[in-house]
Protein chains: 2
Amino acid sequence: MQNGTVKDERLFNFSAGPCMLPVEVLQECQDHMMNWNGSGMGVMEMSHRGKEFVSIYNQTVSDLRDILQVPDSHSLFFMQGGATTQFASVPLNLLKEPSNAADYAVTGSWGDKAFKECQKYGKANKVCDTKSSNYTFIPPVSEWKVNPEASYLHYCANETIYGVEFKSTPDVGLPLVSDMSSNFCSKPIEVSKHTLIYAGIQKNLGPAGAAVVIADKACLGNAKSICPTLLDYKTMSDSESMYNTPPCWSIYVVGLMAKYLKEKGGLAFWKEWSEKKAKILYDAIDGSDGYFICPTAKDCRSNMNIPFRVGRGDEALEKKFLEEGKKHKLVTLSGHRTVGGCRASLYNGMPIEGVETLVSFMREFQEANPE
Amino acid sequence: MQNGTVKDERLFNFSAGPCMLPVEVLQECQDHMMNWNGSGMGVMEMSHRGKEFVSIYNQTVSDLRDILQVPDSHSLFFMQGGATTQFASVPLNLLKEPSNAADYAVTGSWGDKAFKECQKYGKANKVCDTKSSNYTFIPPVSEWKVNPEASYLHYCANETIYGVEFKSTPDVGLPLVSDMSSNFCSKPIEVSKHTLIYAGIQKNLGPAGAAVVIADKACLGNAKSICPTLLDYKTMSDSESMYNTPPCWSIYVVGLMAKYLKEKGGLAFWKEWSEKKAKILYDAIDGSDGYFICPTAKDCRSNMNIPFRVGRGDEALEKKFLEEGKKHKLVTLSGHRTVGGCRASLYNGMPIEGVETLVSFMREFQEANPE
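Residues numbered from 1 in each chain as written. Chains lettered and ligands numbered in written order. Predicted model: local features only at pLDDT ≥ 70, side-chain atom pairs only at ≥ 80, totals over all residues. Heavy atoms only, no water.

Details of the overall build of chain A
Then, number 1: Summing up its helical and strand segments, chain A has 10 helices and 13 strands in all.
Then, number 2: Relative to the globule expectation of 21 Å for 371 residues, the C-alpha radius of gyration of chain A, 21 Å, shows essentially globular dimensions.
Then, number 3: The burial tally for chain A puts 64% of its 371 residues in the buried class.
Then, number 4: At a minimum sequence separation of 6, the contacts of chain A that also span at least 24 residues come to 64%. (Helix = DSSP H or I, 4+ residues; strand = E, 2+ residues; numbered from the N terminus. Rg over C-alpha atoms; globule rule 2.2 N^0.38 Å. Buried < 20%, exposed > 50% of the residue type's maximum accessible area, 1.4 Å probe, protein only. Contact = heavy atoms within 4.5 Å.)

Looking at the UniProt feature "domain: Aminotransferase class V" (unreviewed entry) in chain A
Then, number 1: The feature "domain: Aminotransferase class V" (unreviewed entry), as annotated in UniProt, sits at residues 12–358 of chain A in this numbering.
Then, number 2: Between the end C-alpha atoms of residues 12–358 of chain A the distance is 9 Å, and the span holds 32% helix and 16% strand. (UniProt positions renumbered as here; feature names shortened; annotations may be inferred.)

Re the pairing of strand β5 (residues 153–156) of chain A
Walk down a regular strand and you will see the side chains alternate between the two sheet faces.
All names here are of chain A.
Then, number 1: Burial along β5 is two-sided: Leu153 and Tyr155 and His154 and Cys156, pointing in opposite directions, are all buried.
Then, number 2: Here strand β3 (residues 101–106) pairs with β5 via two bridges, running parallel. Looking across to β5, one finds that Tyr104 is bridged to His154.
Then, number 3: The pairing of β5 with strand β8 (residues 176–179) spans four bridges and is classified as parallel. Across the sheet, His154 pairs through a bridge with Val177, a residue of β8. (Pairing = 2+ DSSP bridges.)

Quick look at helix α7 (residues 248–263) of chain A
Then, number 1: Its 16 residues give α7 of chain A an end-to-end C-alpha distance of 23 Å, which sits within 8% of 22 Å, the value for a rise of 1.5 Å per residue.
Then, number 2: Residue Gly265 of chain A follows α7 of chain A closely and has a positive phi angle near 135°. (Expected span 1.5 Å × (residues − 1).)

A closer look at helix α5 (residues 109–118) of chain B
All names here are of chain B.
Then, number 1: Taken across its 10 residues, α5 has seven buried, putting it largely inside the fold.
Then, number 2: Every buried residue belonging to α5 is among Ser109, Gly111, Asp112, Ala114, Phe115, Glu117 and Cys118, and all of these are buried.
Then, number 3: Structurally, α5 contributes buried residues whose contacts are with α4 (82–94), β3 (101–106), β4 (123–129), β5 (153–156) and β6 (158–159).

A look at the relation of the copies chain B and chain A
What relates the two chain copies is a rotation about an axis together with a slide along it.
Then, number 1: Of the transformation placing chain B onto chain A, the axial shift is 0.0 Å and the rotation is 180°, giving an RMSD of 0.0 Å. Classification of the inter-copy transformation places it as that of a two-fold axis. Proximity to the rotation axis, assessed at the C-alpha, singles out Gln30 of chain B in chain B; its C-alpha lies 2.5 Å from the axis.
Then, number 2: Most of the interface of chain B is mirrored in chain A, where 100% of its interface residues are also at the interface. (Least-squares fit on C-alpha atoms with pLDDT ≥ 70 in both.)

Observations concerning unusual backbone geometry
Then, number 1: With an omega of -5°, the peptide bond running from Gly17 of chain A to Pro18 of chain A counts as cis.
Then, number 2: Even without a glycine there, the phi angle at Thr332 of chain A is positive, about 55°.
Then, number 3: With respect to the helices, strands and loops of the structure, Thr332 of chain A is situated in the loop between β12 (330–331) and β13 (342–345).
Then, number 4: A positive phi angle, close to 70°, is found at Ser241 of chain B, a residue other than glycine.
Then, number 5: When its relative accessible area of 2% is taken as the criterion, Ser241 of chain B is described as buried.

Considering the packing of aromatic side chains
Then, number 1: Counted under the stated rule, the structure contains 39 aromatic pairs over all chains.
Then, number 2: With centroids separated by 5.9 Å and ring planes inclined at 75°, the aromatic side chains of Tyr104 of chain B and Tyr152 of chain B adopt a geometry described as edge-to-face. Highlighted residues: Tyr104 of chain B in strand β3 and Tyr152 of chain B in the loop between β4 and β5, separated in sequence by 48 residues. Tyr152 of chain B matches Tyr104 of chain B in its accessibility class, with the two residues each being buried.
Then, number 3: The structure contains a cluster of three or more aromatic residues connected by ring pairs, namely Tyr291, Phe292, Phe308, Phe321, Phe361 and Phe365 of chain A.
Then, number 4: Cation over ring: Lys113 of chain A sits above Tyr243 of chain B, and NZ or CZ is 5.0 Å from the ring centre. (Phe/Tyr/Trp six-rings, centres within 6.5 Å; stacked < 30°, edge-to-face > 60°. Lys NZ or Arg CZ within 6 Å of the ring centre and 35° of its normal.)

What about the interface of chain B and chain A?
Then, number 1: Facing the 67 residues of chain B at the interface are 67 residues of chain A.
Then, number 2: For the pair chain B and chain A, the summed buried surface comes to about 5400 Å²; carbon and sulfur atoms form 57% of the total.
Then, number 3: Connecting chain B to chain A are two salt bridges.
Then, number 4: Between Arg10 of chain A and Glu45 of chain B there is a salt bridge; the shortest N-O distance is 2.6 Å.
Then, number 5: The interface formed by chain B and chain A includes 31 residue pairs in polar contact (both at pLDDT 80 or more).
Then, number 6: Elements supplying a minimum of two residues to the side of chain B that touches chain A: α1 (6–9), α2 (23–31), α4, α5 and α7 (248–263) of chain B. (Buried area = accessible area lost by both parts, 1.4 Å probe. Salt bridge = Lys/Arg side-chain N within 4 Å of Asp/Glu carboxyl O. Polar contact = N/O pair within 3.5 Å; in protein donor to acceptor, adjacent residues only side chain to side chain.)

As for the domain arrangement of chain A
As a measure of interface size, the accessible area lost when the parts come together is often cited.
Residues and elements named next belong to chain A.
Then, number 1: Segmenting chain A into domains produces domain 1 (27–263) and domain 2 (265–368).
Then, number 2: Opposite the 26 residues of domain 1 that make contact, domain 2 presents 24 residues.
Then, number 3: The three residues of domain 1 that bury the most area against domain 2 are Thr136, Ile161 and Leu261, which together make up 23% of that side's buried surface.
Then, number 4: Inspection of the domain 1/domain 2 interface yields zero salt bridges.
Then, number 5: Along the contact surface separating domain 1 from domain 2 lie 18 residue pairs in polar contact (both at pLDDT 80 or more).
Then, number 6: Listing elements by their share of the side of domain 1 that touches domain 2, those giving two or more residues are α3 (51–68), β6 (158–159), β7 (164–165) and α7.
Then, number 7: Counting residues per element, the side of domain 1 that touches domain 2 draws most heavily on α7, at four residues. (Domains from an automatic or database assignment.)

Description of the sheet that holds strand β9 (residues 196–200) of chain A
All names here are of chain A.
Then, number 1: In space, the seven strands of this open sheet follow the order β2-β10-β9-β8-β5-β3-β4, with mixed pairing throughout. Every interior strand has two partners, whereas the edge strands, β2 (74–79) and β4 (123–129), have only one. Taking each pair of neighbouring strands and ignoring which way they run, the sheet shows an average axis angle of 20°.
Then, number 2: Against the sheet, helix α5 (residues 109–118) makes contact with β3, β4, β5 and β8, and its axis sits at roughly 165° relative to β3, the strand it touches most. (Axes fitted to C-alpha atoms, helices over the stretch in contact; angles between N-to-C directions.)

Notes on the sheet that holds β5 of chain B
Residues and elements named next belong to chain B.
Then, number 1: Spatially, β2-β10-β9-β8-β5-β3-β4 is the arrangement adopted by the seven strands of the open sheet, whose pairing is mixed. For this open sheet the edge positions go to β2 (74–79) and β4, each flanked by a neighbour on one side alone. On average, each strand axis in the sheet is inclined to that of its neighbour by 20°, with strand direction left out of account.
Then, number 2: Relative to β4, β3 runs parallel, the two being bridged by six bridges. Looking across to β4, one finds that Ala101 is bridged to Lys123.
Then, number 3: Along the sheet, α4 makes contact with β2, β3, β8 (176–179), β9 (196–200) and β10 (211–216), crossing β9 at roughly 160°.

Quick word on the pattern of salt bridges
Opposite charge on two side chains allows them to pair when their charged atoms are near.
Then, number 1: On inspection of all chains with the given rule, the structure shows 38 salt bridges over all chains.
Then, number 2: Across the pair Lys326 of chain A and Glu323 of chain A runs a salt bridge whose closest N-O atoms are separated by 3.5 Å.
Then, number 3: For the salt bridge of Glu263 of chain B with Lys259 of chain B, the shortest nitrogen-to-oxygen distance reads 3.8 Å. Here the residue Glu263 of chain B and the residue Lys259 of chain B both occupy positions in helix α7, the gap between them amounting to four residues, near one helical turn.
Then, number 4: Take Lys259 of chain B: its relative accessible area is 36%, and that puts it in the partly exposed class.
Then, number 5: Through salt bridges with shared partners, a single network forms among Asp112, Lys116, Lys126 and Asp129 of chain A.

Comments concerning the packing of helix α8 (residues 266–286) of chain A against helix α10 (residues 352–368) of chain A
Residue and element names in this part refer to chain A.
Then, number 1: Close contact between α8 and α10 brings their axes to 10 Å; oriented N to C, the two are set at 5°. On the basis of the axis angle, α8 is roughly parallel to α10. Contact residues: Trp273, Lys276, Lys277, Ile280, Leu281, Ala284 and Ile285 in α8; Ile352, Val355, Leu358, Val359 and Met362 in α10. (Parallel < 35°, antiparallel > 145°, perpendicular 65-115°, else oblique.)

This is the structure:
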């Protein structure tokens, strides 16, 4: 066992997801691996229909509904396949005749992927697309080219790759659908303004392998006949995520995370905490006389994913920065493989010491490597 | 920590899946929870594109290919959504024009569900259906009503609920597709005779949350335009299961299981072992003068799932049997909720002591509760 000095041995892992989880949560997974709560079996071994796992499931849903303040009008359940499967589920369930059309705000590559998947099933319209400016800002909602006949408007609440985050709920008079994968449970959200919210859990809420879906019950039951059964929101809502065997372990860890987030003070606390961590890093970038550069417009800078360039974008210096960072326990700081540079993801599991160590290393690096 | 007496505290859990895993595998999960292999992070926290997880993934695929003897003609990868999602993926990827038709051997309720999902996408034909005799036997292949125009023939290699198992590969001159969820990795299989094999892993191979797919490379690239991207076999094969974030933890545990199965002697060993465990229980049932009854025809009795009635089908006695069994550490012995009675599932994780304890309790119970 490695508990003695485990905290010292652990690295500051800035991965965009899967990502660091709190030591308290990992400890609980470890302690109950072979025998959960005296049941004589581990969570991975339990029948999903047995009383032990059903109690885990119910508590998880209850805690999540509580911290997210999900109203009775909305159902909360789990699905598999991450946000990418949701890109198909959304149009398969929510496109309506006669328009069979949907609006998409494209403020990054995830929004663009959702848009493209919709094209398989109906008429997808972009209300905005910031690709030509490298996805660095969000155009004002008043400028969006909305189709009033659209069945819904889809937006990605936080673009992981470019670090662009909506700071308020965009209201355009259409049913709202949001991909909240990468800032879910980092702050309170306005559930009742949304017809549908979905989020892959592998950021602020657990390991990979499940997505949380929150659906207005009024939107259920309208899936197209070609919708695979397991992608039908009504099927999954009615069966409480158990039409077939759900990803039990992932749901269990989400339950531990939900309990942990709640005990620390709920999403109001985590919002403050995320803002505090992000501010430390943004201040360091903005105070570096342009040595470090974050390209994202200030009014939509993400508190979760912070892309930045080193040495005014000098690739050799960036490589050196990533290499030397490892000596300070700073790892997984590369930018997304499609954009390069660096990126620090500051999800709920990233301790403030991680951000402080990063900022202190940045100052050292700049001094030692003047341009 | 609970390692001191953990083996004594653990129950014999006969769940049809998720189900018991070997203590050695759980121990490894436990030991590396916070720090895998000195990497400074747990497996749930790793970027799926980092060198640590990629090494886990590659070793897992390599060990699985090795024990299953997958030829170079076939690709092996992971998908999410269990066998139920595969019920849709199969017709979405494999139905071919002009017939757009497929054959299904329905020898239990899983085969029937696969058949029904296919009807969404094309013409599904039942070559046999044993529902009227409660799915207790498999009709000879020579009697199957095969459609020579069908794109493929689908069969369920082992029906979990009714305990009906194919003892050889059914050859009907069509491309073969098999749902092997509940006997996968319990014995060697003839991969090259199949166009496609899929299996939810939560039986002999790990926790819930992933399915293994083995596809003849020649069948890839023909998905219908309405196929969700994540259900497209070519997309998942080309991206080595990582078009998006895969269910990393589930894949990791599959890797540990594959290593364990290999070290113990490979699938030839596990076949012998499964047959031995199943024989102990079938012999006890058949030697009980009809007190215990297994309704399944002897030539297709499953080595994995053994349904049986107690006291010639007396429901009050069955309830008592299930209740008293718990005092002997025998749990999750209820039959599937749709059929009642009892069922013992004897997957790779079930130790022989579990079967011996069950059989010994059965004898005691019969003596103490004569009809």
